[in-house]
Amino acid sequence: QVQLVESGGGLVQPGGSLRLSCAASGNIFSILSMGWYRQAPGKQRELVATIIGGSRTYYADSVKDRFTISGDNAKRSVYLQMDNLKPEDTAVYYCTSNIQTSQFVFGDFWGQGTQVTVSS
């Protein structure tokens, strides 16, 4: 099986920064993409950013120019640098990855989530 473990959440003031990390482990043949979703109370889970093939990136409009996603293939990890944080960024952030676990088997895997709270 595959496990995704996130870290780096916490409480930060508006305008501050946080860096989230996520490491994948387990039965991994290859990693096709890694990314981050978030879910605020009472709202649907939304895509924040994703990195495909280790280089191609996508960002939600709400976080463009403030968040940066990066990956480390050797460490099977993805990072989300969040700058100029706003109260509306408050949410549980989930790491997700599309992973090939054997020659013909692919799956989407999720981490347990990490809380990010932006408040003064």
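Residues numbered from 1 in each chain as written. Predicted model: local features only at pLDDT ≥ 70, side-chain atom pairs only at ≥ 80, totals over all residues. Heavy atoms only, no water.

### Examining the state of the cysteines
Okay, so step 1: In total, this model carries 1 disulfide according to the counting rule given.
Okay, so step 2: Covalent S-S linkage joins Cys22 and Cys95, the inter-sulfur distance amounting to 2.1 Å. On the sign convention where negative is left-handed, the bridge of Cys22 and Cys95, at about -80° about the S-S bond, is left-handed. Highlighted residues: Cys22 in strand 3 (residues 18-26) and Cys95 in strand 9 (residues 91-102), separated in sequence by 73 residues.
Okay, so step 3: Judged by relative accessible area, Cys95 falls into the buried class, the value being 0%. (Disulfide = S-S within 2.5 Å. Helix = DSSP H or I, 4+ residues; strand = E, 2+ residues; numbered from the N terminus. Buried < 20%, exposed > 50% of the residue type's maximum accessible area, 1.4 Å probe, protein only.)

### Examining the environment of Ser119
Okay, so step 1: Note on placement: Ser119 falls in the segment after strand 11 (114-118).
Okay, so step 2: Contacts of Ser119, omitting those with residues within four sequence positions, involve Leu11, Val12, Gln13 and Pro14. (Contact = heavy atoms within 4.5 Å.)

### Quick notes on the environment of Lys75
Okay, so step 1: Among the structural elements, Lys75 can be located in the loop between strand 7 (67-72) and strand 8 (77-82).
Okay, so step 2: For Lys75, a relative accessible area of 56% corresponds to the exposed category.

Structural measurements only, silent on function.
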